[in-house]
Every structure is written in C-alpha cells, then in structure tokens.
Amino acid sequence: MIRFNAQNASAFVSPDEVMQIRPQLEAAHDLLRKGRGPGCEYLGWLDLPSQYDREELTRIIQAAARIRRNSDILLVIGIGGSYLGARAAIDMLSHSFSSLLGKRQRKAPLILFAGNNLSPDYLADLTDVLENKKVSLNVISKSGTTTEPAIAFRVFKRWMEERYGLEEAQKRIYITTDKSRGVLRKLAGEMGYESFVVPDDIGGRFSVLTAVGLLPIAVAGIPVREMLRGARDGAKAWQKPDPEANDCYAYAVWRNILLRKGYGIEIMVNYEPTMNFFTEWWKQLFGESEGKDGRGIFPAGVDNTTDLHSLGQYIQDGRRMLFETVLLVDKARHAFKVPFDPENRDGLNFLADFDLADINQKAAQGTVLAHVDGQVPNLRITLPERSAYWFGQLVYFFELACAISGYLLAVNPFNQPGVEDYKQNMYALLGKPGFEKRRTELEKRLSRERDV
C-alpha cells in the first residue's frame with residue numbers, strides 16, 4: 001500500500017493535537033461516507049473504483065485500440081480536470097522522451113494537448129506538428145462552452161474535416177461530455193461521433209479515473225484496468241476514521257493541524273522529472289477544493305533536485321509559513337551507475353559504482369533533514385514504483401484525503417464558485433451579449449489604471 005509518514009513533522013505537532021482532532025475527523029468521515037456534507041451530490045468518485053460502468057470501459061479500451069492502430073497523434077482538447085489527470089498519468093508512466101521516439105518505439109501514438117490556454121503561438125505551432133501525421137481528436141468538456149477548449153475544438157474540428165472529409169473525420173473525433181445535455185452531446189448525436197460520459201456526480205478534478213482520463217491514458221498504452229484496481233484496493237484499505245490505522249486520513253489530519261499552527265503553504269516535492277504534471281493535478285485538486293471562504297492551504301510544487309538550485313534557498317531560510325509533502329518512489333525503473341574516472345578531476349570517484357537511484361534517495365533524505373533543521377515540517381508519502389496500479393491508488397489517496405481535509409476546514413470541497421469570476425469579466429471585455437453593463441464598469445476601471 002501507499003505509505004504515509006509524519007516523523008519529520010513530529011517536532012512541530014504533539015500527539016495531543018492529533019488526538020484532539022479525532023472527533024472532527026470522525027465527523028468529517030460521517031459527512032462523507034453518509035453523503036450528508038456540502039457537495040454530497042458529487043460523490044460519484046468515492047465508489048467509482050468498484051462501481052464503474054463496465055460497458056463503457058470496454059468501449060474505451062476498444063476505441064483506444066482503434067486510435068492506436070490508425071493514428072500517429074491523439075490530440076486531447078480540455079482544460080483543468082479535463083486534461084491534467086490524463087497528462088499526469090501519461091507523463092508519469094511513459095518514457096521521459098516519448099515525444100522524440102517514433103511510434104514503433106513508443107508503441108503508441110503521441111498524445112498532445114490543446115485547449116488549456118489561449119496562446120495563438122501554441123495553436124499555430126501545434127498545427128505545424130500535425131501536418132503529414134495521422135490524427136485523432138478527443139475533446140473533453142462537460143458543457144462544451146468553456147472558452148479555451150471550445151476555441152481549440154472549433155479550430156481543429158475544421159482542420160480535421162478539411163484534412164479528412166466529413167465521413168473520415170467523423171470516425172476520428174471522439175467526444176467526452178455530459179450524458180444527456182450540452183452542445184457537445186447534441187453535436188455527437190448529429191455527427192455520429194463516438195462519445196463517452198462525464199458523470200453528473202463527479203467533478204472535473206475528481207474525474208481522472210472516468211472516461212475523461214481513461215481514454216487518453218489507454219491510447220498511450222497504459223493498462224487502465226490496473227489503474228482502477230489500484231484505486232479499488234486503496235478504497236478498501238482507507239475506511240476507518242482512525243489516523244493511526246488509515247494513512248490517507250492521517251495525511252488529511254496532519255496537514256490541517258499544520259495549517260492551524262500557521263503553515264498556510266504546502267509544497268509538493270517529487271524527485272522524478274516525469275511527475276511534474278502529477279503535482280499540477282494535485283495543485284488543482286486541492287486548490288479548487290479548499291481555496292474558498294477565506295480558507296485553505298495554498299498548494300505549490302517543486303521538482304527536485306532541480307529546484308534545490310532555485311527555490312531551495314527560500315525553503316531553507318525564508319519565511320516559516322510552509323511545510324513540505326515529499327512524494328517518493330521506492331523503486332526506479334532502470335539501474336544507472338556512476339562510472340569511475342581514473343583522473344577524478346571532479347572529485348566524484350567516491351560515487352563510482354553508486355546507482356543514481358541511491359544517490360537520488362540520499363539527496364532526498366539529506367534535503368529533508370536540512371529543511372527540518374530549518375524549521376520546515378516535512379510529511380512523506382511513498383509508493384513502491386511508478387506503475388498504472390500505483391498511479392490509480394495514489395490518485396484515490398489524494399481524492400479521499402482532499403474530501404476529508406475540506407470537511408475538516410468546514411468548506412464544500414466539491415464546488416469552485418471563484419472560478420466563474422474571471423470568466424464573467426473576460427466575457428464582458430470581449431463583448432459577449434448580455435454583459436454590457438459589466439463591460440462598461442470594467443472599462444472604466446481599466447481606464448483609471450492606464451491614467452495612473
């Protein structure tokens with residue numbers, strides 16, 4: 001099982017504090033398990049690993065096999081939870097330089113992403129990459145009207161139709177959207193696109209183990225059934241509202257105690273470059289779930305050892321408002337030993353014949369000890385290896401911990417009201433009908449800023 005260890009935060013939290021929060025943990029557990037808490041209509045992820053739609057999973061695997069046969073590239077269009085989980089899995093479980101490998105070496109199409117920004121340069125450059133390639137497209141959006149993916153889909157739907165013609169494009173476009181409503185659901189029916197469901201009872205940031213994530217992940221050649229099995233085993237293990245017996249709940253408890261003691265920033269630390277986007281997914285999960293009503297822990301991330309040479313100084317000696325959660329992997333995929341150099345000009349022969357995995361581990365251990373000495377509490381989460389099974393379990397670990405943590409914070413962990421504010425302003429400034437009054441107010445404010 002995935003393991004949690006708080007030993008390197010024990011100097012900052014007393015056993016009494018863990019004991020005193022247990023009644024609150026039990027209350028949060030009851031709110032979640034009995035479906036009585038705020039946002040309880042979005043608890044479909046809780047039993048998903050054992051109650052997923054078998055028929056749809058079969059269709060996902062069949063569609064993935066078809067895309068793998070007839071495509072060099074799968075273009076995934078989505079933003080936020082509609083792409084971060086899939087990208088996290090694909091990056092974490094694939095070759096570090098998969099984009100530079102040919103399809104035969106990679107044994108899968110290249111997965112590229114669009115609709116997660118509004119950069120004209122990005123879309124123009126992406127279009128160049130698609131030339132002379134066999135392309136399939138998966139657009140993921142519950143509403144079908146979110147600005148970034150809607151623009152990208154408009155662009156690439158036309159590109160596909162001009163490239164392949166309507167009939168062939170219809171076979172290469174896949175829709176993941178609401179079960180019964182929305183513009184994409186209607187379009188899928190009109191055009192005959194194969195479609196998959198974004199469940200009504202699962203929010204976007206909790207949706208990586210649904211069709212939202214599973215289709216792109218399966219196209220990349222990752223065994224999604226194993227991913228679900230890992231999540232299912234985690235769900236069975238993390239049932240008791242006891243931080244001594246439940247590592248997932250223990251993580252939620254310790255981070256909330258640290259918050260109450262003034263540590264308002266949590267830094268996710270990894271030591272594998274391919275896990276960068278897992279941190280990005282984690283940041284969205286906790287940022288959108290907890291950051292509301294003036295509450296929450298701010299989620300940040302570093303990729304070590306790289307960031308030890310940039311942010312390491314601040315973490316070691318800066319303001320004491322942060323704690324770290326170090327995500328470690330027991331077993332590397334490859335052995336890679338440091339060679340012996342007869343001249344030893346760099347003075348590193350003491351490392352000759354050391355495996356880089358061991359050096360990486362010692363770097364992590366040394367960094368944790370230094371940061372604890374610098375008064376930075378450290379939590380540790382360890383998974384045995386990077387595989388589909390452990391990825392699925394890790395996803396469920398953080399989803400469950402996030403829900404419990406949100407209820408400990410007394411917020412609704414399943415809504416995101418603040419996300420709408422910037423959208424309303426953007427629509428007004430772009431002249432969307434119905435936003436005329438807001439546009440006038442915003443333009444006055446912008447005018448005053450230009451005058452300063």
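Residues numbered from 1 in each chain as written. Predicted model: local features only at pLDDT ≥ 70, side-chain atom pairs only at ≥ 80, totals over all residues. Heavy atoms only, no water.

### Comments concerning the sheet that holds strand β3 (residues 110-114)
Formally: Should DSSP find at least two bridges between two strands, the strands are taken to pair. Numbering of helices and strands runs from the N terminus; a helix is a DSSP stretch of H or I covering at least four residues, while a strand is a stretch of E covering at least two. The axes are straight lines fitted to the C-alpha atoms, using for helices just the contacting stretch, and the angles between their N-to-C directions are given from 0 to 180°.
Overall, parallel pairing links the five strands, which are arranged β3-β2-β4-β5-β6 in an open sheet. Either end of the sheet is taken by a strand with one partner, and the two such strands are β3 and β6 (194-197). The mean inter-strand angle of the sheet, taken between neighbouring strand axes irrespective of direction, is 20°. Sheet topology places strand β5 (residues 173-177) next to β6; four bridges connect them, and they run parallel. Residue Y174 lies in a different strand from β6, and its bridge partner there is E194.

### Examining the sheet that holds strand β8 (residues 298-303)
Through backbone hydrogen bonds, the strands of a sheet pair up, either in parallel or in antiparallel fashion. Worth spelling out the cut-off: The criterion used for residue contact is that any of the two residues' heavy atoms lie within 4.5 Å.
Reading across from one edge, β1-β10-β9-β7-β8 is the order of the five strands in this open sheet, with mixed pairing throughout. Looking at the sheet topology across the chains shown, the edges are occupied by β1 (3-5) and β8. Each strand of the sheet is rotated relative to its neighbour by a mean of 20°, with strand direction disregarded. Bridge analysis of strand β7 (residues 265-270) against β8 gives six bridges, and the strand direction is parallel. Opposite I265, over in β8, you have F298 as the bridge partner. Most of the contacts of helix α13 (residues 276-290) go to β8, to which it runs at about 175°, and overall it touches β7, β8 and β9 (322-331). Running at roughly 150° to strand β10 (residues 378-385), helix α16 (residues 388-408) makes contact with β7, β9 and β10 of the sheet.

### Quick look at the packing of aromatic side chains
Put simply, the rule reads: Here is the rule: rings of Phe, Tyr and Trp (six-membered ring for Trp) pair when centre to centre is within 6.5 Å. Planes less than 30 degrees apart are stacked, more than 60 are edge-to-face, and the remainder are tilted. Note on classification: 1.4 Å probe, protein chains only; a residue is buried when its accessible area is under 20% of the maximum for its type, exposed when over 50%, partly exposed between these limits. Each ring is checked for a lysine NZ or an arginine CZ that lies within 6 Å of its centre and within 35 degrees of its normal; such an atom marks a charge sitting over the ring.
The full count for this structure, using the stated rule, is 21 aromatic pairs. Plain terms: the ring middles of F12 and Y263 are 6.3 Å apart, the flat faces sit at 85° to each other, and that makes the pair edge-to-face. In this pair, F12 is assigned in the loop between β1 and α1 (15-20) and Y263 in the loop between α12 (247-260) and β7, connecting sequence segments 251 residues apart. Neither residue differs from the other here; F12 and Y263 are each classed as buried. One cation-aromatic arrangement involves R172 over Y164; the distance from NZ or CZ to the ring centre is 4.6 Å.

### What to know about the layout of surface pockets
Applied cut-off: Residues are called lining when one of their atoms sits within 4 Å of a cavity or pocket point, these points coming from a 1 Å grid over the protein atoms alone, where a cavity is a set in which a 1.4 Å probe fits but cannot get out and a pocket is an open set with protein on both sides within 12 Å along at least five of seven lines. Grid points are joined across faces, edges and corners, and a volume is the space filled by probe spheres set on the points. Residues are sorted three ways: Asp, Glu, Lys and Arg are charged, Ala, Val, Leu, Ile, Met, Phe, Trp, Tyr, Cys and Pro are nonpolar, and all the rest, Gly among them, are polar.
Here the largest pocket is characterised by a volume of approximately 1,200 Å³. In this structure, the largest pocket is lined by 38 residues; those nearest its centre are Y271, E272, A332, A357 and N360. Of all elements in the fold, only β1, β9, α15 (356-373) and β10 reach the threshold of two or more residues within the lining of the largest pocket. If you tally residues by element for the lining of the largest pocket, the top one is α15, at nine residues. Its residues assigned to classes, the lining of the largest pocket shows 15 nonpolar, 14 polar and nine charged. A per-element tally of the lining of the second largest pocket places helix α17 (residues 419-429) first, with five residues. In terms of residue class, the lining of the second largest pocket is built from twelve nonpolar, 14 polar and nine charged.

### Details of the side chain of H371
With respect to the secondary-structure elements, H371 resides in helix α15. Excluding residues that lie within four positions of it along the chain, H371 makes contacts with L308, G312, I315, Q316, E324, V376 and N378.

### Some words on a nonpolar patch on the surface
Worth spelling out the cut-off: Here, patches come from residues exposed beyond 30% relative accessible area and free of salt bridges, joined within 9 Å for like charges and within 5 Å for nonpolar side chains (Val, Leu, Ile, Met, Phe, Trp, Tyr). Surface accessibility follows the Shrake-Rupley procedure with a 1.4 Å probe radius. Residue values consider only the protein chains on display as shielding. Whenever a carboxyl oxygen of Asp or Glu lies within 4 Å of a side-chain nitrogen of Lys or Arg, that contact is scored as a salt bridge.
A contiguous nonpolar surface patch, about 240 Å² in accessible area, is contributed by L118, I151 and V155. With respect to the element layout, I151 can be found in helix α8 (residues 147-172).

### Focus: helix α7 (residues 120-130)
Count 3.6 residues to each turn of an α-helix, and residues three or four apart come out pointing the same way. Here is the rule we go by: Read the arc as the range of directions from the helix axis to the C-beta atoms. Under this definition, polar contacts are N or O atom pairs within 3.5 Å; protein pairs additionally need one hydrogen-donor-capable and one acceptor-capable atom, and for neighbouring residues in sequence, both atoms have to be side-chain atoms.
Those residues of α7 that fall on the buried side of the exposure criterion are L123, L126 and L130. Seen along its axis, α7 keeps its buried residues to an arc of 60°; they face one direction. Exposed residues pointing more than 90 degrees away from the buried face of α7 are listed as P120, D121 and D128. In this fold, the buried residues of α7 make contact with β2 (73-77), β3, β4 (135-140) and α8. Two or three places before D121, at the start of α7, stands the capping residue S119, its side-chain oxygen 3.3 Å from that residue's backbone nitrogen. Two residues or fewer past α7, N132 is found with a positive phi of approximately 65°.

### Considerations on the packing of α8 against helix α9 (residues 183-191)
Applied cut-off: Each angle gets one of four labels, with under 35 degrees taken as roughly parallel, over 145 as roughly antiparallel, 65 to 115 as roughly perpendicular, and the rest as oblique. Crossings are classed by handedness, with left-handed meaning an anticlockwise turn of the near helix from the far one by less than a right angle and right-handed meaning a clockwise turn.
As a packed pair, α8 and α9 sit with axes 14 Å apart at the nearest point and diverge in direction by 20°. The angle between α8 and α9 places the two elements in the roughly parallel class. Judged by the twist between their axes, the crossing of α8 over α9 is right-handed. Seen from α8, the contacting residues are F153, K157, E161, L166 and Q170; seen from α9, they are L184, L187 and M191. The residue inventory of the contact of α8 with α9, partitioned by class, reads five nonpolar, one polar and two charged.

### Quick word on the pattern of salt bridges
On inspection of all chains with the given rule, the structure shows 22 salt bridges. Here R66 ties to E194 by a salt bridge, and the two come within 2.4 Å at their closest N and O atoms. With R66 in helix α4 (residues 54-70) and E194 in strand β6, the pair connects residues that are 128 residues apart, well separated along the chain. The exposure class assigned to R66 is partly exposed, which follows from its relative accessible area of 29%. You can call E194 partly exposed: its relative accessible area is 23%. Connected through salt bridges with shared partners, the residues E55, E56, R59, R66 and E194 form a single ionic network.

### Digging into a negative patch on the surface
Selection criterion: Only four residue types enter the tally: Lys and Arg on the positive side, Asp and Glu on the negative side; His and the chain ends are excluded. For this purpose, a charge sits on NZ of Lys, CZ of Arg, CG of Asp or CD of Glu.
Together, D121, D125, D128 and E131 make up a region of like negative charge exposed at the surface. Along the polypeptide, E131 turns up in the loop between α7 and β4.

### Some thoughts on α4
Spelled out, the test is: A helix is expected to span 1.5 Å multiplied by its residue count minus one.
With 17 residues, α4 ought to run about 24 Å at 1.5 Å a step, and its terminal C-alpha atoms sit 25 Å apart, in line with that. Along α4, the residues that are buried comprise E56, L57, I60, A63, A64 and I67. Down the axis of α4, the smallest arc covering the buried residues is 125°, so these residues share one side. Those residues of α4 that are buried are in contact with β2, β4, β5, β6, α10 (211-219) and α11 (224-237). Its side-chain oxygen 3.0 Å from the backbone nitrogen of E55, D53 forms the N-cap of α4.

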